[in-house]
Amino acid sequence: MTVSVSVIIPTYNSASLVTKAIDSVLGQSYTNFQIIVVDDGSTDNTSDCLAAYSDSITLIPQVNGGASKARNAGIECATGEFIAFLDADDEWHPKKLEIQVNALRNHTDWLACYSEFSTQVVDVSLGSEPVTFTSKNLQEFFLSPYCATSSLIVRRPTLQKVGFFDAELTTAEDVDLCLRIAECGVIGEIDKCLVLRGDVEGSLGDLPNSYQDNLVVVDRFISRQSDHKVEWERLARQVKAKVLADWGKDLIWRSKPKEAIGVCVRSLALKFRLSTCFILLKALIKSL
């Protein structure tokens, strides 16, 4: 039987977590998938934990090179019609693949789709409201590019066209990839929470330089836009102002109010927002 979905799980020293991620795939209501686990040079007992799944997974060991290189190695070995990604510290709702595969089959113009996510326990019932689907064009996704890697499913030919993850980026590589996809067509959004994200301190998404990487991704995106460049640059200022404001909030939470002041000033120089003013005021008070 032809594989429908290739699930790629990069792992690095995540022995205590990766088994839960794998179990959440094996517990899917949609069962036509392959699981590719890329062990990115783990030095803990990850290999021992993965040995118990030898009949269920394809294991690719490699020298440590980061999550993007690990995912790219998995993509190279994937045979599925669709490629899905799951980080080792995240878990899936039991109906995630069923919902997203059906959505991609029903929306033939979608190149990829993603769902909402949470750091709280995912509602297995999915609630009483029906699942709704939203098609996002390039501008719509650019203005709100919040897509968790573990929620993303992409048509394999699309990845072959736009390229894989940029291994030069430590973080924001998922945003970079999705923007390149959106430049080629429509991305679908599913309004249900289908991913439980591991809120692990020190994880890549938790790193402060993720904000800087997001700014780099925005600049790279703008450099690729030749049509209506002035309008894209205006929208870029809006997006970068939001990134900087979020960075300011994070710096305050990390007890770095003086750094937060500078970041908030940069944000306000790009776009005036009262919410950013409040963040700046809070930073000023805390810096006294």
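Refer to the structure presented above.
Residues numbered from 1 in each chain as written. Predicted model: local features only at pLDDT ≥ 70, side-chain atom pairs only at ≥ 80, totals over all residues. Heavy atoms only, no water.

**Student:** Teacher, can you tell me more about a nonpolar patch on the surface here?
**Tutor:** On the surface, a cluster of nonpolar side chains totalling about 660 Å² of accessible area is made up of Phe272, Leu274, Phe278, Leu281, Leu284 and Ile285. On the secondary structure map, Phe278 appears in helix H11 (residues 274-287). Its relative accessible area of 57% is what places Phe278 among the exposed residues. (Patch = residues over 30% accessible without salt bridge, like charges linked within 9 Å, V, L, I, M, F, W, Y side chains within 5 Å. Areas by Shrake-Rupley, 256 points an atom, 1.4 Å probe, with all protein chains shown as cover. Salt bridge = Lys/Arg side-chain N within 4 Å of Asp/Glu carboxyl O. Helix = DSSP H or I, 4+ residues; strand = E, 2+ residues; numbered from the N terminus. Buried < 20%, exposed > 50% of the residue type's maximum accessible area, 1.4 Å probe, protein only.)

**Student:** Is there a simple way to explain the packing of aromatic side chains in this structure?
**Tutor:** Each aromatic ring pair is specified by the distance between its two centres and by the angle formed by the two planes. As enumerated under the stated definition, the model contains seven aromatic pairs in all. Between the aromatic rings of Tyr114 and Phe141, the centroid separation amounts to 6.0 Å while the plane-to-plane angle is 75°, which identifies the pairing as edge-to-face. Of this pair, Tyr114 sits in strand S6 (residues 110-118) while Phe141 sits in helix H5 (residues 138-143), and the two are 27 residues apart along the sequence. Between the aromatic rings of Phe221 and Trp232, the centroid separation amounts to 5.2 Å while the plane-to-plane angle is 80°, which identifies the pairing as edge-to-face. Taken together, the positions of Phe221 in helix H8 (residues 209-223) and Trp232 in helix H9 (residues 229-253) put the pair eleven residues apart, joining distant regions of the chain. Residue Phe221 shares its accessibility class with Trp232, and that shared class is buried. Counting every residue linked through ring pairs, the aromatic cluster contains Phe142, Phe221 and Trp232. The ring of Phe165 carries the charged tip of Arg71 above its face, separated from the ring centre by 5.0 Å. (Phe/Tyr/Trp six-rings, centres within 6.5 Å; stacked < 30°, edge-to-face > 60°. Lys NZ or Arg CZ within 6 Å of the ring centre and 35° of its normal.)

**Student:** For this particular structure, what's the right way to read the environment of Trp232?
**Tutor:** What makes Trp232 buried here is its relative accessible area of 11%. C-alpha separation for the pair Trp232 and Phe221, spaced eleven residues apart in sequence, amounts to 9.4 Å. Residue contacts for Trp232: discarding those within four places in its chain leaves Leu138, Gln139, Phe142, Phe221, Ile222, Gln225 and Asp227. (Contact = heavy atoms within 4.5 Å.)

**Student:** Would you mind going over the packing of helix H10 (residues 257-270) against H11 with me for this structure?
**Tutor:** When two helices pack together, their arrangement is given by the angle between their axes and by how far apart the axes lie. At their nearest, the axes of H10 and H11 sit 8 Å apart, and the two run at 155° to each other. With respect to H11, the element H10 is oriented roughly antiparallel. Along this stretch, H10 crosses H11, giving a crossing that reads as left-handed. On the side of H10, the interface is formed by Pro257, Lys258, Ala260, Ile261, Cys264, Val265, Ser267 and Leu268, while H11 contributes Thr276, Cys277, Ile279, Leu280, Ala283, Leu284, Lys286 and Ser287. Of the residues contributing to the contact of H10 with H11, the split by class is eleven nonpolar, three polar and two charged. (Axes fitted to C-alpha atoms, helices over the stretch in contact; angles between N-to-C directions. Parallel < 35°, antiparallel > 145°, perpendicular 65-115°, else oblique. Left-handed = near helix turned anticlockwise from the far one by under 90°. Nonpolar A, V, L, I, M, F, W, Y, C, P; charged D, E, K, R; others polar.)

**Student:** Whenever I open this one, the environment of Ser255 confuses me. Can you help?
**Tutor:** Along the chain, Ser255 falls in the loop between H9 and H10. Relative accessible area serves as the criterion here: at 61%, Ser255 is assigned to the exposed category. Along the chain, Ser255 and Ala167 lie 88 residues apart, while their C-alpha atoms are 31 Å from each other.

**Student:** Would you explain helix H7 (residues 173-182) in this entry?
**Tutor:** Count 3.6 residues to each turn of an α-helix, and residues three or four apart come out pointing the same way. When you tally the buried positions in H7, you get ten out of ten residues, the bulk of the element. Within H7, the full set of buried residues consists of Glu173, Asp174, Val175, Asp176, Leu177, Cys178, Leu179, Arg180, Ile181 and Ala182.

**Student:** When you look at the pattern of salt bridges in this model, what are you seeing that I'm missing?
**Tutor:** Between side chains of opposite charge, a pair can form as their charged atoms come close. The final tally for this structure, using the stated rule, is 13 salt bridges. Note that Arg71 and Asp87 form a salt bridge whose closest N and O atoms lie 3.0 Å from each other. One end of the pair, Arg71, is in helix H3 (residues 67-77); the other, Asp87, is in the loop between strand S4 (82-85) and strand S5 (91-92), and 16 residues separate them in sequence. The residue Asp219 makes a salt bridge to Lys240 at a minimum N-O spacing of 2.8 Å. Linking Asp219 in helix H8 with Lys240 in helix H9, this pair joins segments that are 21 residues apart in sequence. Residue classification places Asp219 among the partly exposed residues on the basis of a relative accessible area of 41%. The network of salt bridges with common partners includes Arg71, Asp87 and Glu173.

**Student:** Sorry, what's going on with the nonpolar core here?
**Tutor:** Of all hydrophobic cores here, the largest spans 39 residues; its most connected members are Phe85, Phe141, Phe142, Leu152 and Ile181. Setting aside residues up to four positions removed in sequence, Ile181 forms contacts with Leu111, Ala112, Val154, Thr158, Val162 and Ile187. Residues Val7, Val18, Tyr53 and Trp92 belong to the second largest nonpolar core, which totals 31 residues. (Core = buried A, V, L, I, M, F, W, Y, C linked by side-chain atoms within 4.5 Å.)

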